[in-house]
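# Geometric and topological summary
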Amino acid sequence: MLLLIQYTLIFASVLILVALGGCFSEHSGVINLGLEGIMVMGSMGGALAMKYLPAGAPALEMILVVVLCAILVGMLYSLLLAVACINFKADQTLVGTAMNLLGTAAATVIVKAINTAESPDNVSSTIQYVAAKKAFIVRIGSFEFNWFMLMAVIMLVLAYVVLYKTRFGLRLMACGEHPQAADSVGINVYKMRYAGVLISGMLGGLGGIVYITAGVSEWKFETGAAGFGFLALAVMIFGQWRPTRIALAALLFGLFRALSNVYTGFDFLVALNLPSGVYNMLPYIISLVVLAFTSSKSRAPKAEGIPYDKGQR
Amino acid sequence: MKKFLALALALVMTASLAACGGSGSSSAAASGSSSASASGSAAAASDYRVAMITDYGDITDQSFNQTTYEACKQFCESNTVNFTYYKPAGDSTADRVAMVDKAVADGYNVIVMPGYAFAGTIVESAATYPEVKFVALDVAAGDILGAALGDKYDYNPANWKVTDYYNSDNVYCAVYQEELCGYMGFNGIAATFLGGLNPIGTVFASYFIQHITSGGAYVDKTLYCSQISDLISSLIIYLCGFVLFFKYFMNSRIARREERESLKEKEKLAADSAAKTEEGGRK
């Protein structure tokens, strides 16, 4: 049971971080379908940092460097979306799709190149970080507390405060609702949209590194982020683009995702004798069902997906 | 919008179906080359002797056994390496292990094993003969765990450390890249946009994207990895975003020019009429 709670919390942290990233981007008016790709790139940045940091590095330094690397790579990668969608008014769905493909492919190619350069026989796209991962975990009894859980809560509070209580957040949301009106009162829509996309890159990258350190101690980059970026998008829509609701939705989806890892610990679930694939499918099936019932009521930011053109009124 | 979504979905499905059909042959080609390159590293020294053991089929099964046999034979002939094959007496791990014993006793030190049925054999024989090299095809971590753990295995390879259950120093397990098909859905979305949301355009766009993807299977795997093709096609798709921009840009330029021209004409008309009224005023 404790294991289930632990995994639920860590997977919910991933979903909260990534979904909040999507939330910022969409509130500024840019659909960020590329979250999955951003996660992969961010996780690659973090994993490389863990690989190259000396094993004896103090925990605090380790956490800071890894998180900063993940955030930095995620933000740099999200610039691809920002430049294409804000400056060049590209189709946001298409660019997001391209970024998902590109993220997995680029991460695999880079990691393979690094592995092969180290030893010519190693053609795998796997990075191992067994020792480095320990810096993130604090054992409380048999419960493994992960610093990322705390980070997710802090980010959640920050996101709420920034979006609803600061001038910046309200302006950001105005740009997603009616950019022309926002512009007419002197808000720079392009700058706000850049800010939204970059914040989503930052949170997406952070979510990526949390995801690959959650259950395993090595990651094969060919698998990408295994659809978690899309699950986060579903969480964001289910959460109605609001941080508090996103957190609740993330807990629900995280629970089902965790179940696929630890269902063997529950006798009644083992007695059902279902193949593990069923449990792996659960979060995605749940997201389909839930969205089918709730999406008709969902209210997305009005101007999302529409490139801002100053000349239009 | 709904119409567009339905159209996009339908196109995605057809595109991905077509794409999956196309990649079947390319993955078979990849498997042939991978088995060849796997034994390639082993043959640096001429004192290697290669033996292949069939699983429950024969070397003429037009499948695993045949491709493996042909690849091994071709490789060994061109590198003048001694090669033979063994067929187990029955379909069981004990029979396969017996064949490995026989091959090793006959002096063969590279054993090629096609198919996941050899998982149990790997677990047993790899530890028995640490000086013999084993090349196993289509044997994944799950197969080895299933063979080693029996009923205890929960079909989740992530929960176990597979290298604890077999001698990983002298075994090379090649797994076919079935997941190459996995991203076809995304490629389908890209194909619709690349084809300009036009059914006929989509045909060409799908062909183009699949052409790049299939080409990825033929690149020299010792230098590049097959993801290079994904990288290239995703970059092309990314740049397609800018194509829409250029279209938009050009359209707005043309519109502006037309507007200017019509404005000029209007001005002319206005000037003419003004001149007329002036004339009229003078009268």
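The coordinates are above.
To start, this report covers the structure provided alongside it.

Conventions adopted
- Residues numbered from 1 in each chain as written.
- Chains lettered and ligands numbered in written order.
- Predicted model: local features only at pLDDT ≥ 70, side-chain atom pairs only at ≥ 80, totals over all residues.
- Helix = DSSP H or I, 4+ residues; strand = E, 2+ residues; numbered from the N terminus.
- Buried ≥ 20, exposed ≤ 12 C-beta atoms within 10 Å, placed from the backbone.
- Contact = placed C-beta atoms within 7 Å.
- Axes fitted to C-alpha atoms, helices over the stretch in contact; angles between N-to-C directions.
- Parallel < 35°, antiparallel > 145°, perpendicular 65-115°, else oblique.
- Left-handed = near helix turned anticlockwise from the far one by under 90°.
- Nonpolar A, V, L, I, M, F, W, Y, C, P; charged D, E, K, R; others polar.
- Core = buried A, V, L, I, M, F, W, Y, C linked by C-beta atoms within 7 Å.
- Pairing = 2+ DSSP bridges.
- Expected span 1.5 Å × (residues − 1).
- Right-handed = clockwise from strand over helix to strand, strands pointing away.

## Observations concerning the overall build of chain B
- Counting secondary structure elements, chain B contains eight helices and five strands.
- Residue burial in chain B is summarised as follows: out of 283 residues, 34% are buried.
- Put simply, of all contacts in chain B between residues at least 6 apart along the chain, 63% involve residues at least 24 apart.

## Let's talk about the overall build of chain A
- The number of helices and strands found in chain A is 13 helices and four strands.
- Expressed as a percentage of the 313 residues in chain A, the buried residues total 52%.

## A look at the packing of helix 1 (residues 2-27) of chain A against helix 9 (residues 189-214) of chain A
All names here are of chain A.
- Between helix 1 and helix 9, whose axes approach to 8 Å, the crossing angle comes to 165°. In terms of axis orientation, helix 1 runs roughly antiparallel to helix 9. Crossing handedness for the pair helix 1 and helix 9: left-handed. Here helix 1 contributes Ile10, Phe11, Ser13, Val14, Leu17, Val18, Leu20, Gly21, Gly22, Phe24, Ser25 and His27 to the contact with helix 9, which in turn contributes Gly196, Val197, Ile199, Ser200, Leu203, Gly204, Leu206, Gly207, Val210, Tyr211 and Ala214.
- Class assignment for the residues of the contact of helix 1 with helix 9 results in 14 nonpolar, nine polar and no charged.

## With respect to the interface of chain A and chain B
- The partner chain B presents 25 residues to the 22 residues of chain A that form the contact.
- No other element matches helix 4 (residues 92-118) of chain A, which puts twelve residues into the side of chain A that touches chain B.
- Here the side of chain A that touches chain B is built from residues that sort into 13 nonpolar, six polar and three charged.

## Considering the nonpolar core
- One finds Leu15, Ile16, Ala19, Leu20 and Val235 of chain A to be the most contacted residues of the largest nonpolar core, which totals 119 residues.
- If one sorts the elements of this core by residue count, helix 3 (residues 59-87) of chain A sits on top with 15 residues.
- Not counting residues up to four positions away in its chain, the partners in contact with Leu20 of chain A are Met155, Leu156, Ala159, Leu203, Pro243 and Ile246 of chain A.
- Among the nonpolar cores identified, the runner-up in size contains 38 residues, and Val50, Met113, Phe118 and Ile122 of chain B belong to it.

## Observations regarding the environment of Ile71 of chain A
Residues and elements named next belong to chain A.
- Within the secondary structure layout, Ile71 lies in helix 3.
- With 21 C-beta atoms packed within 10 Å, Ile71 lands in the buried category.
- Sequence-distant contacts of Ile71, that is, excluding residues within four places in its chain, are made with Met202, Gly205 and Leu206.

## Here's the deal with the sheet that holds strand 3 (residues 110-114) of chain B
Residue and element names in this part refer to chain B.
- Strand order across the open sheet formed by five strands is 2-1-3-4-5, with parallel pairing between neighbours. On the outer flanks of this sheet lie strand 2 (82-86) and strand 5 (171-174), each paired with one strand and no other. Direction aside, the axes of adjacent strands within the sheet are offset by 15° on average.
- Relative to strand 5, strand 4 (residues 133-137) runs parallel, the two sharing four bridges. Bridge pairing in strand 5 places Val135 opposite Tyr172.
- Each of strand 1 (49-53), strand 2 and strand 3 is contacted by helix 3 (residues 93-105), which is oriented at about 165° to strand 1, the strand it contacts most.
- Each of strand 3, strand 4 and strand 5 is contacted by helix 4 (residues 119-128), which is oriented at about 170° to strand 4, the strand it contacts most.

## Regarding the packing of helix 3 of chain B against helix 4 of chain B
All names here are of chain B.
- Their axes nearest at 9 Å, the elements helix 3 and helix 4 cross at an angle of 45°. The angle between the axes of helix 3 and helix 4 places the two elements in the oblique class. Seen along the crossing, helix 3 lies across helix 4 with a hand that is right-handed. On helix 4, the residues touching Thr93, Arg96, Val97 and Val100 of helix 3 are Gly120, Thr121, Glu124 and Ser125.

## Some details on helix 9 of chain A
- With 26 residues, helix 9 of chain A extends 37 Å between its outermost C-alpha atoms, agreeing within 8% with the 38 Å of an ideal straight helix rising 1.5 Å per residue.
- Counting buried positions along helix 9 of chain A yields 23 of 26 residues, so the element is predominantly enclosed.

## Some thoughts on unusual backbone geometry
- If you check the backbone angles, Lys89 of chain A has positive phi at about 50° while not being a glycine.
- Looking at where Lys89 of chain A falls in the secondary structure, it is placed in the loop between helix 3 and helix 4.
- Classification of Lys89 of chain A as partly exposed rests on a count of 18 C-beta atoms within 10 Å.
- Although it is not a glycine, Thr80 of chain B adopts a positive phi angle of roughly 45°.
- As for its placement among the helices and strands, Thr80 of chain B is situated in the loop between helix 2 (64-78) and strand 2.
- With 9 C-beta atoms packed within 10 Å, Thr80 of chain B lands in the exposed category.

## Observations concerning the pairing of strand 4 of chain B
Residues and elements named next belong to chain B.
- With five of five residues buried, strand 4 is to be regarded as a mostly interior element.
- Here strand 4 shows no split at all, with Lys133, Val135 and Leu137 on one side and Phe134 and Ala136 on the other all buried.
- Relative to strand 4, strand 3 runs parallel, the two sharing five bridges. Each residue of the ladder has a partner; that of Val110, found in strand 4, is Lys133.
- Handedness of the crossover joining strand 3 and strand 4 through helix 4 is recorded here as right-handed.

## Observations concerning helix 1 of chain A
Residue and element names in this part refer to chain A.
- Its 26 residues give helix 1 an end-to-end C-alpha distance of 36 Å, which sits within 8% of 38 Å, the value for a rise of 1.5 Å per residue.
- Among the 26 residues that make up helix 1, 22 are buried, leaving the element largely enclosed by the rest of the structure.
- Just downstream of helix 1 lies Gly29, where phi reads positive at about 105°.

## Looking at the environment of Val243 of chain B
Residues and elements named next belong to chain B.
- Residue position: Val243 is located in helix 8 (residues 227-282).
- Residue classification places Val243 among the partly exposed positions, given that 16 C-beta atoms sit within 10 Å.
- Each C-alpha atom, one on Val243 and one on Leu194, is 9.1 Å from the other, the two residues being 49 residues apart in sequence.

## Here's the deal with the pairing of strand 1 of chain B
Residues and elements named next belong to chain B.
- Buried residues dominate strand 1, accounting for four of its five residues.
- By the bridge criterion, five bridges tie strand 1 to strand 2 in an arrangement that is parallel. Each residue of the ladder has a partner; that of Ile53, found in strand 2, is Tyr86.
- Here strand 1 pairs with strand 3 via three bridges, running parallel. Among the inter-strand pairings, Val50 is bridged to a residue of strand 3, identified as Val110.

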